[in-house]
Amino acid sequence: MTGNEDAPANLVVSLDRLNKWYGDHHVLRDVSLGLAHGERIVLCGPSGSGKSTLLRCVNGLERFQEGTLTVCGTTMDGKPASLTEIRRRTGMVFQHFNLFPHLSVLDNLTIGPVYARGEPEAAAIARARELLERVRLSDQAAKFPGQLSGGQRQRVAIARSLMLTPDVMLFDEPTSALDPEMIQEVLDVMEELARDGQSMIVVTHEMGFARRVADLVVFMDQGEIIEAAPPEDFFANPATDRARDFLGKIS
Ligand code: ADP
Ligand code: MG
């Protein structure tokens, strides 16, 4: 799965020896990774190891200087057409839910499809209601983000991202800003998505989630992928001291 042995066409996301610098700070070092359709990767590692930067490269929010990124057959060439296509294929959920505060939950979901993509409003509303049911928020459609709990807001953010039918969902520490009692309701929704076959890359320190959901756990440190293994192997028998130290600190 790592090492990019498969032809990129079979993969939702393929990274081949990606390198990125901020000035002279080398933040991604020869990162290679492949995500197949329906597969779930959990990405973990110490703060500052480059996890967010990597996700942001995958959806085109950040540029990189060297290497190849291919999403659903489109290779990023820095030109607007590939950027638009890659953005269309990827959905991103951040630590801090960036909902529009002045729009209702329902409007938060429909505004992208209706105004950015020209989807008929009635169809968008119907899909939004289905997705709100899926994230168990059917009864909150008319509320504003400020009236919801953090866990509810994050579930709205997930539904909003799903409205654009991404081929891959990218989650960047989606529960780390939440009160402990709200973490599980968000993880449950993500786990259900995974069970329904959604391809995803999840940056999280929720190792219970990783054990249950991940096909592959990828451990990064200082911009490099140090280990990539199925959760049962990674947790039982981390191959490096760095991963062992990391697991010791978070558990
Ligand atoms: P993680 O998500 O694993 O905590 P990040 O991807 O946020 O790590 O950051 C990786 C490294 O890149 C860190 O050293 C961070 O300080 C640096 N970095 C992140 N964003 C920027 C930026 N916009 N400009 C300069 N350096 C940055
Ligand atoms: Mg981060």
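If you're wondering where the values come from, they're calculated on a predicted model, not measured in any experiment. (Residues numbered from 1 in each chain as written. Chains lettered and ligands numbered in written order. Predicted model: local features only at pLDDT ≥ 70, side-chain atom pairs only at ≥ 80, totals over all residues. Heavy atoms only, no water.)

1. Here's the deal with the overall build of the protein
Summing up its helical and strand segments, the protein has nine helices and 10 strands in all. For 251 residues, the compact-globule formula gives about 18 Å, and the C-alpha radius of gyration of the protein, at 18 Å, lands near that figure. A principal-axis box enclosing the C-alpha atoms of the protein has dimensions of 50 × 40 × 35 Å. The long-range share in the protein, meaning contacts at least 24 apart out of those at least 6 apart in sequence, stands at 65%. Of the roughly 11,500 Å² of accessible surface on the protein, a fraction of 48% belongs to carbon and sulfur atoms. (Helix = DSSP H or I, 4+ residues; strand = E, 2+ residues; numbered from the N terminus. Rg over C-alpha atoms; globule rule 2.2 N^0.38 Å. Contact = heavy atoms within 4.5 Å. Areas by Shrake-Rupley, 256 points an atom, 1.4 Å probe, with all protein chains shown as cover.)

2. Side note on the packing of aromatic side chains
We describe a pair of aromatic rings using the distance from one ring centre to the other and the angle between the two ring planes. What the rule picks out here adds up to three aromatic pairs. Ring plane angle 75° and centroid distance 5.4 Å describe the contact between Phe234 and Phe235, whose orientation is recorded as edge-to-face. The exposure classification of Phe234 matches that of Phe235, with both residues buried. Grouped by ring-pair contacts, the aromatic residues Phe219, Phe234, Phe235 and Phe246 constitute a single cluster. Cation over ring: Lys20 sits above Tyr22, and NZ or CZ is 4.6 Å from the ring centre. Note that Arg211 overlies the ring of Phe235, its terminal NZ or CZ placed 4.4 Å from the centroid. (Phe/Tyr/Trp six-rings, centres within 6.5 Å; stacked < 30°, edge-to-face > 60°. Buried < 20%, exposed > 50% of the residue type's maximum accessible area, 1.4 Å probe, protein only. Lys NZ or Arg CZ within 6 Å of the ring centre and 35° of its normal.)

3. Quick word on the site of ligand 1
Within the structure, ligand 1 sits among Tyr22, His25, Val27, Pro46, Ser47, Gly48, Ser49, Gly50, Lys51, Ser52 and Thr53. Contacts to ligand 1 include Tyr22, whose side-chain N or O atom sits 3.4 Å from a nitrogen atom. Separating an oxygen atom of ligand 1 from a backbone N or O atom of Gly50 is a distance of 3.0 Å. For ligand 1, whose accessible area on its own is 560 Å², the fraction buried by protein is 59%. If you list the elements that add at least two residues to the shell around ligand 1, you get strand 2 (25-36) and helix 1 (51-58). With three residues, helix 1 is the single largest residue contributor to the shell around ligand 1. Of the residues belonging to the shell around ligand 1, the class tally is three nonpolar, seven polar and one charged. (Near = heavy atom within 4 Å. Polar contact = N/O pair within 3.5 Å; in protein donor to acceptor, adjacent residues only side chain to side chain. Nonpolar A, V, L, I, M, F, W, Y, C, P; charged D, E, K, R; others polar.)

4. Some words on the pairing of strand 8 (residues 199-203)
Within a regular strand, the side chains alternate between the two sheet faces. The buried count for strand 8 comes to five of five residues, which makes it a mostly enclosed element. Going residue by residue along strand 8, you find Ser199, Ile201 and Val203 tucked away on one face and Met200 and Val202 tucked away on the opposite face as well. As paired elements, strand 3 (residues 40-44) and strand 8 share four bridges and run parallel to each other. If you follow Arg40 over to strand 8, its bridge partner there is Met200. (Pairing = 2+ DSSP bridges.)

5. Re the UniProt feature "domain: ABC transporter" (unreviewed entry) in the protein
Per the UniProt record, the feature "domain: ABC transporter" (unreviewed entry) sits at residues 13-247. The annotated region residues 13-247 carries 40% helix and 26% strand content, and the separation between its end C-alpha atoms amounts to 27 Å. (UniProt positions renumbered as here; feature names shortened; annotations may be inferred.)

6. Structural notes on helix 9 (residues 241-250)
Every buried residue belonging to helix 9 is among Ala243, Phe246 and Leu247, and all of these are buried. End-on, the buried residues of helix 9 take up no more than an arc of 95°, which puts them together on one face. Opposite the buried face of helix 9, at more than 90 degrees from it, the exposed residues are Asp241, Gly248 and Lys249. Residues of helix 9 that are buried in the fold lie against strand 3, strand 9 (216-221), strand 10 (224-229) and helix 8 (231-236). (Arc of directions from axis to C-beta.)

7. Quick word on unusual backbone geometry
Positioned with a positive phi, Cys72 is a non-glycine residue whose angle comes to about 50°. Mapping Cys72 onto the fold places it in the loop between strand 4 (66-71) and strand 5 (74-75). When its relative accessible area of 18% is taken as the criterion, Cys72 is described as buried.

8. As for the sheet that holds strand 3
The strands making up a sheet associate through hydrogen bonds between their backbones, and the pairing can be parallel or antiparallel. Judged by pairing direction, the sheet is mixed, and its six strands sit side by side in the order 6-7-8-3-9-10 without closing on themselves. At either margin of the open sheet sits one strand with a lone partner, and together these are strand 6 (90-93) and strand 10. Taken over all neighbouring pairs, the strand axes of this sheet differ in orientation by 20° on average, direction set aside. Pairing analysis gives five bridges linking strand 7 (residues 168-172) to strand 8, with the strands arranged parallel. Its bridge partner lying in strand 8, Val168 is registered against Ser199. (Axes fitted to C-alpha atoms, helices over the stretch in contact; angles between N-to-C directions.)

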